[in-house]
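Working through the structure, step by step
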Amino acid sequence: MTTSGTAPGTTAQDGTGSAAGAAQRLGWADAAKGAAIALVVLTHATMFLQEAGYATPHWQALNNLLAGARMPLFFAVSGLFAASALNGSWRRVLHRRVLPNAWLFALWLAVTTAFFATGAWVEAGQPAGAGELAAALLRPHTELWYLYALAVYAVVARALRPVPPAVQLAAAAALSVTTSAGLTATGSWAWDDVAAHLAFFLAGLHGRRVLASVAEGAGAVRTAGLLAAFAVVGGAVGLLDLHLVPGLPLLRGALGVLAAVAACALLVRRWPRTPLRALGRATLPVYLTHVLLIAVLTTVLEVLAPPALPVPVRLALPAVVTLVVVLAGVAARRPLARVPGLLGLPASLAAR
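On a predicted model such as this, the values are computed, not experimentally measured, just so you know.

1. Notes on helix H9 (residues 208-216)
For H9, the set of buried residues is Leu211, Ala212, Val214 and Ala215. Down the axis of H9, the sector holding all buried residues measures 155°, keeping them to one side. Facing away from the buried side of H9, by more than 90 degrees, are the exposed residues Arg209, Val210 and Glu216. In this structure, the buried side of H9 is in contact with helix H2 (27-51), helix H8 (189-206) and helix H11 (248-270).

See the structure below:
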């Protein structure tokens, strides 16, 4: 999903590819993005392990709770980092934001489809043929929908630039409320999620001062209060099945973003070299490769491990798989960058 300060040949998805932009990066924002990608990997690791018969309900319950913060946080930080790129001309926006994300979405969707079409891997809902690939290009149904959403958001944000930010946020919030409540549902979960999360992207795009204020004022007591508020609202939505109550998913996401920003700011303040900061600068290769790596690890586990693993081992598996996949994704950054087009527009297309 998207890194700045990337290796040569990668795409500066966050709009901070210049030296000046890199100098302005915020430690808490990098850590927040690192936390978000780790949660994404954990979610898919749990899904694949569950399909293979190795999951436990504890991780699924935790993922259900964290769902309220995971993608809202990812999009809010992506909007924060995209601000400088989206202030330019249409040509610049298309070149830096729309085309790179569209290219990566289409390319890696093809890679993923070919990978799972072999039938050799645990799948968990991945496309497995040319027909599904063609349909998924317009109607995404894999984890790559994030790149699709970023391309759409870039066009929307640039088109709405003459509109006051408050009006943009109000309209996006209303769209999020109606979509989450099923009132403006499209029948495609990805399209619905794109509509529901636009508010968080625009909040990051226009709300840098607000998020920075939350980060600067993050103390132990305030952070604990935000985390508790998120846990209460998120727990209520999940346990009582209140997903369709108008406004509750938006409130849950907002509390999740604020709590995560405060927690990451507090963490960076006390542990400046936290690995989450480095991970936040290398999310793109992790995002692009994580499902493939999870499928390989899960399939190997099915072949080598006994059907009934001890409960402590099953409890540890999602965390272990997540750690291995994140480290492997970060390590894959340089090799992938050496192949033109795998982490950004090929030079021939970029030159045009």
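Moving on from the model shown.
2. Topic: helix H13 (residues 283-304)
Spanning 22 residues, H13 covers 30 Å between terminal C-alpha atoms, matching the ideal 32 Å at 1.5 Å per step. Maximal helix bending in H13 amounts to about 50°, located at Thr289.

3. Some details on the nonpolar core
In this structure, Trp28, Phe75, Phe201 and Leu288 are the most contacted members of the largest nonpolar core, which totals 98 residues. In terms of residues, this core owes the most to one element, H2, which gives 13 residues. The contact partners of Phe201, leaving out residues within four places of it in the chain, are Phe75, Ala76, Ser78, Gly79, Ala82, Leu86, Arg97, Leu150, Tyr153 and Ala157.

4. Observations regarding the side chain of Ser176
Positionally, Ser176 belongs in helix H7 (residues 165-180). Relative accessible area serves as the criterion here: at 2%, Ser176 is assigned to the buried category.

5. Some points on the environment of Asn64
In this structure, Asn64 sits in helix H3 (residues 57-82). Taking C-alpha positions, Asn64 is 9.5 Å from Val237, a pair spaced 173 residues apart along the chain.

6. Considering the pattern of salt bridges
One pass over the full model with this rule turns up one salt bridge. The closest approach of N and O atoms between Arg281 and Asp30, which form a salt bridge, is 3.2 Å. One end of the pair, Arg281, is in the loop between helix H12 (275-280) and H13; the other, Asp30, is in helix H2, and 251 residues separate them in sequence. The exposure class assigned to Arg281 is partly exposed, which follows from its relative accessible area of 28%.

7. Quick look at a nonpolar patch on the surface
A cluster of nonpolar side chains, Trp90, Leu94, Leu99 and Val155, forms an exposed patch at the surface whose accessible area comes to about 320 Å². Among the elements that line the nonpolar patch, the one with the most residues is helix H4 (residues 90-117), at three residues. On the accessibility criterion, Leu99 (45% relative accessible area) is partly exposed.

8. Quick word on the packing of aromatic side chains
Evaluation of the coordinates by the stated rule reveals 11 aromatic pairs. Aromatic pair Phe115 and Trp121: ring centres 4.8 Å apart, planes at 5°, arrangement stacked. A relative accessible area of 17% means that Phe115 is categorised as buried. One aromatic cluster is present, formed by Phe74, Phe75, Trp145, Tyr146, Tyr153, Trp189, Phe201 and Tyr287 through successive ring pairs. Across from the ring centre of Trp191, 5.3 Å away, lies the NZ or CZ of Arg139, which sits over that ring.

9. Re the environment of Val152
Looking at where Val152 falls in the secondary structure, it is placed in helix H6 (residues 145-159). Given a relative accessible area of 31%, Val152 falls into the partly exposed group. For Val152 and Leu198, which are 46 residues apart along the polypeptide, the C-alpha to C-alpha distance reads 9.4 Å.

10. Some details on unusual backbone geometry
Phi is positive for Asp241, which is not a glycine, with a value near 55°. As for its position among the elements, Asp241 is in the loop between helix H10 (220-239) and H11. You can call Asp241 exposed: its relative accessible area is 59%.

11. Focus: the packing of H2 against helix H14 (residues 311-331)
Running from N to C, H2 and H14 point in directions that differ by 125°, and their axes come no closer than 9 Å. Put simply, H2 runs oblique to H14. The handedness of the crossing between H2 and H14 is right-handed. Here Ala38, Val41, Leu42, Ala45, Thr46 and Leu49 of H2 lie close against H14, whose contacting residues are Leu317, Pro318, Ala319, Val321, Thr322, Val325 and Val326. Taken together, the residues that form the contact of H2 with H14 break down as 11 nonpolar, two polar and no charged.

Parameters at a glance
- Residues numbered from 1 in each chain as written.
- Predicted model: local features only at pLDDT ≥ 70, side-chain atom pairs only at ≥ 80, totals over all residues.
- Heavy atoms only, no water.
- Buried < 20%, exposed > 50% of the residue type's maximum accessible area, 1.4 Å probe, protein only.
- Helix = DSSP H or I, 4+ residues; strand = E, 2+ residues; numbered from the N terminus.
- Arc of directions from axis to C-beta.
- Contact = heavy atoms within 4.5 Å.
- Expected span 1.5 Å × (residues − 1).
- Bend = angle between axes of the 7 residues up to and from the residue.
- Core = buried A, V, L, I, M, F, W, Y, C linked by side-chain atoms within 4.5 Å.
- Salt bridge = Lys/Arg side-chain N within 4 Å of Asp/Glu carboxyl O.
- Patch = residues over 30% accessible without salt bridge, like charges linked within 9 Å, V, L, I, M, F, W, Y side chains within 5 Å.
- Areas by Shrake-Rupley, 256 points an atom, 1.4 Å probe, with all protein chains shown as cover.
- Phe/Tyr/Trp six-rings, centres within 6.5 Å; stacked < 30°, edge-to-face > 60°.
- Lys NZ or Arg CZ within 6 Å of the ring centre and 35° of its normal.
- Axes fitted to C-alpha atoms, helices over the stretch in contact; angles between N-to-C directions.
- Parallel < 35°, antiparallel > 145°, perpendicular 65-115°, else oblique.
- Left-handed = near helix turned anticlockwise from the far one by under 90°.
- Nonpolar A, V, L, I, M, F, W, Y, C, P; charged D, E, K, R; others polar.

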